[in-house]
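The residues making up each chain are set out below.
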Amino acid sequence: MDVGHLAPEIALVLGAVAVVLVASFTRRERQWITTPLAAVAVVASGGISIGLARGADQQLSFDRAWALDGATQGAELIIAGATLVCLLLSAEWFRTDPRRGEYPAVLLFSAAGAMVLAGAADTMEVVVGMLLVSVTGYTLAAYHRASPAAVEAGMRYFLIGALTNAVLLVGVVILYGSTGTTNLDDTASALAAGADPVAIVAVVVCLVVGLGFEIGAVPSHVWVPDVAQAAPAPSAAFLTVVPKVGALVALARVLQVLPEDAVAWRPIIALLAAVTMTVGNLLALWQDDLRRMLGWSSVSQAGYALMAVVVIDRADMALPSLIVFLAAYAAATTAAFAVVTELRGRTALADYRGLGATHPWLAVALVVSLLSLVGIPPLGGFVGKLTLFTATIDGGYGWLAALAVANTVASLFYYLRVVAPMAFDTSPRPAAVLGRWAGGAVAFAAFATVLLGLLAGPLLTALDSAVLLP
Amino acid sequence: MLTAAVLVPALAAVALVLGRTWSEAVTRVVAVVASAVPLVLLVGTWIRFDTGGSQPFQLVEETDWIPTLGVGWRLGVDGISLALALLSALIFVVAVAYPVDLRGRHRQYRAWFLFLEAVSLGVFLSIDLLLFYVFFDLSLVGMYFLIGRWGHGEARAAALKFFLYTLAGSLVMLLGFLALYLQTDPLTFDMRVLIAEQPLAGRGATAGLALLAILVGLAVKTPLVPVHTWLPPAHVNAPGPASALLAGVLLKMGTFGMIRIPLSMMRDTFETYAPVLVGFALLSIIYGALVALGQTDLKRRIAYSSVNHMGYAVLGIAVAGSLGSGEEAGRRLALTGATVEMVAHGLITGALFLVAGSFWTRTQDYDMDHYGGLAGTAPRLTGAATLAAFASLGLPGLAGFVAELQIFVGTFSVYPWVAAAALVGVLITAALFLQMVQKLFFGDLPTRLRDFADLGHREALALVPLLVLVVVIGVWPTWLLDLLTPTSEAIVSAFGVR
């Protein structure tokens, strides 16, 4: 047991505590200080995660409740990066908000929750992580108390979250009931000795519904477009990305201990992936609101990511593809929301006409992010999809890859609905922008999107030895 | 040298995007010079290229990109890819130099052209399957913006349709690539390994599906009937030089891919399904010609004639992969003919679309019924257009004839009835091009065309190299055949080896 193994998470929590203290004892005009403070904590968290260098000795720690492996580390880095972008975005967005000082603290707690989800090797810990990321998420979504739309989105997020968290807990309890342990490693050996298929089916359903909530997967996805559209833009960026990363790793980790001979969970997840990507895409097609469209697109992207979960432990590329895809998704989605934020939250598609002429760099960033979500090479999203498809075909789910291709083609249609007016029309007047911090966030996320594609070689080499414990 | 041929235009494109203060004249010079660099480099490659060499791919340049996946930056040439790369580089120089209404965005327009040049050369030069795919996909992005921003009429819808269709095709193709790739051990996208290992040989239904996926993707790009419907709107609404690129370079990626991937890497399976492909090629030849004949719109007519001509190329490729090791001489002839057709079609149709672009800059009208009698007022334009039209209908002494003759002779030795049926297509194309020339240049001159300007110096200068090559290939094809034949010989004779 080594407290250092949790240092990335501890850094976030300490940062959050420091933010709360500073926010409580400083005057309102000085509260901007909490944002850089939180940024230091996030950077420290990511830096420590890299420093822990888990390639060599991936192990279970804390009485085998915490997985110190490549999957955890990958998720930690993605979460830290995405959280940093959201912090930069919040700096100017909340400038006039009287509660701006506390916002970074909530963000950090939520990010810590997502990291706990990713590293949990114990079902109770999954529940703890889920609760932490959800409860803070409700606050983030409804942070603008005065905006009825934001409050409603937060309300919806909360109601669905309360229900699905309860379902998750039921699943965890059934699993405990049938094995007598919450530890995943022990669960695996207990189930290998013999398991009741009915109970395992119930567990799979409860896990899918419960973790699917933060993944944004069908059937617990209905909050995603509302939150994407109506929550404060930095919160929307955060909530469509960070919880998804943690929850997907958690789902993969828990599912892989379930015996396949007792219940065919792979086809169930494959079906879920198929439905999720298709529903997300079809509903994104006709959105006239960019943020709502990004919300639906994030549902469909969750469906793609689930493809990696389907073949986890069966195809060599499954885990690397999950991490790379999530990294590329996080970079592209935060980049898109960053552009929205930098444009002071303008969200109607019509408002993006002629952006290419008035704000060429913002337009380029948005185009890069959307093309990456489509999977156009050599952007990060391409490498993500390439590895996903490879793993899926390798794992014997060719039909799922074919469906993903069909979905990708359909998705091009709505992504281009944003690109075309931006690049081909002329605008009557230039739009107002938010400021330098948000602009920096745009640049950071867009660069990351490009670099993830170009530097995929070293990235995949680093992930080559990554495992998903237990 | 090959790497530089890809990178120089790409970097120049970036420079154009960043060069905010550059005037129109400066960007034009920069773009023309940058687009000419690859041509010079490729001519140098040609000089160093050994046509009698034993290695299938020469002058290979390679470094790792994603080593865990077996993906590398691997460039190299054989006779066919070198010829197509040279052709592309030439058409790009011409298209960049060709005057067109830039609507005030000259830097972006030329930057997209250079970007497209870099990725097109990348397609022809890469000998890594994934790198090929990357460039293949990027060409869609470049063309999408060129059509959408500088096109006319229904430009945006045409650009969207183009992108959707070809992306759908290329993604399906990617699945086929992955099926092929997953059978290699160790995993690699290196084309040399894939050609040597024939990874899917003898894998029945899986191989058939992979072949289908790959061929669908390439057929969309080619375009083969019935997946050709994106082509006419894209051509009609694109600016003239972009149409020339689309016809001269981008369509070749489809047929080139057919030679490089299914024909070379999946011999067994290709042989099994070659008769089906022959059927689709024949359909494209006849249908393309008939529909072209029915068009009154100049650009649509040329566009549909491309469907017909690419049908010849596909026919040659399909014939080359038929019958296993039998009729080797005929099949070799068909493949060589197909590659010459690709070069010839690039030159001829490139020229025709540039001419069409000149019509648009003068009158904003493509309807052939609105023209007539221009032979007197615009003799140079008439000469250029007529020469290109005759070459396109396959007049002996011009490039098209050399290609079609070989394809037909080759096809005749394998499928005599198909050759006979395909000849109908040639008759129809003859009719449609003669009618086109007649409608545009002869008869009475409408009064509103009294001051129709002849070809300007820049236009003429750009057209000359294309047309000169059309004649040179027609009367003295040996230099081109010397480059192409050893490669097609190697590909066809590999069929006998089991």
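Residues numbered from 1 in each chain as written. Chains lettered and ligands numbered in written order. Predicted model: local features only at pLDDT ≥ 70, side-chain atom pairs only at ≥ 80, totals over all residues. Heavy atoms only, no water.

An unreviewed UniProt entry annotates chain B as NADH-quinone oxidoreductase subunit M originating from Iamia majanohamensis. Per UniProt, the comment on chain B under Sequence similarities (unreviewed entry) is "Belongs to the complex I subunit 4 family." (UniProt positions renumbered as here; feature names shortened; annotations may be inferred.)

Labelled according to an unreviewed UniProt entry, chain A appears under the name NADH-quinone oxidoreductase subunit N, originating from Iamia majanohamensis. Of the comments in the UniProt record for chain A, the one headed Subunit (unreviewed entry) reads "NDH-1 is composed of 14 different subunits. Subunits NuoA, H, J, K, L, M, N constitute the membrane sector of the complex." Of the comments in the UniProt record for chain A, the one headed Catalytic activity (unreviewed entry) reads "a quinone + NADH + 5 H(+)(in) = a quinol + NAD(+) + 4 H(+)(out)".

Re the interface of chain B and chain A
Interface size is often expressed as the accessible area that is lost when the parts come together. Residue-level contacts link 32 residues of chain B with 38 residues of chain A. Carbon and sulfur atoms supply 81% of the area buried between chain B and chain A, which totals about 3,100 Å² over both sides. The largest share of the area that chain B buries against chain A comes from Trp-65, Arg-156 and Leu-175 of chain B, three residues that together contribute 18% of it. Applying the counting rule to chain B against chain A returns one salt bridge. Summed over the shared surface of chain B and chain A, the number is two residue pairs in polar contact (both at pLDDT 80 or more). Looking at the side of chain B that touches chain A, the elements with two or more residues in it are α1 (2-18), β1 (58-66), α5 (129-150) and α6 (155-181) of chain B. Take the side of chain B that touches chain A: its biggest share by element is twelve residues, from α6 of chain B. In terms of residue class, the side of chain B that touches chain A is made up of 25 nonpolar, two polar and five charged. (Contact = heavy atoms within 4.5 Å. Buried area = accessible area lost by both parts, 1.4 Å probe. Salt bridge = Lys/Arg side-chain N within 4 Å of Asp/Glu carboxyl O. Polar contact = N/O pair within 3.5 Å; in protein donor to acceptor, adjacent residues only side chain to side chain. Helix = DSSP H or I, 4+ residues; strand = E, 2+ residues; numbered from the N terminus. Nonpolar A, V, L, I, M, F, W, Y, C, P; charged D, E, K, R; others polar.)

With respect to the side chain of Thr-408 of chain A
Positionally, Thr-408 of chain A belongs in helix α17 (residues 398-424). The class for Thr-408 of chain A is buried, based on a relative accessible area of 0%. Filtering out sequence-adjacent residues up to four positions away, Thr-408 of chain A remains in contact with Tyr-304, Val-374, Lys-385 and Phe-389 of chain A together with Leu-171 of chain B. (Buried < 20%, exposed > 50% of the residue type's maximum accessible area, 1.4 Å probe, protein only.)

Concerning the pattern of salt bridges
Should their charged atoms come close, side chains of opposite charge can pair. A full pass over the atoms with the stated rule returns 23 salt bridges over all chains. Between Arg-266 of chain A and Glu-260 of chain A there is a salt bridge whose closest N-O contact spans 2.9 Å. Residue Arg-74 of chain B pairs with Glu-62 of chain B through a salt bridge whose shortest N-O separation is 3.0 Å. Of this pair, Arg-74 of chain B sits in strand β2 (residues 71-77) while Glu-62 of chain B sits in strand β1, and the two are twelve residues apart along the sequence. Taking the relative accessible area as the measure of exposure, Glu-62 of chain B reaches 44% and is therefore partly exposed. Linked through salt bridges whose partners overlap, the residues forming this network are Glu-62, Arg-74, Asp-128, Asp-190 and Arg-192 of chain B.

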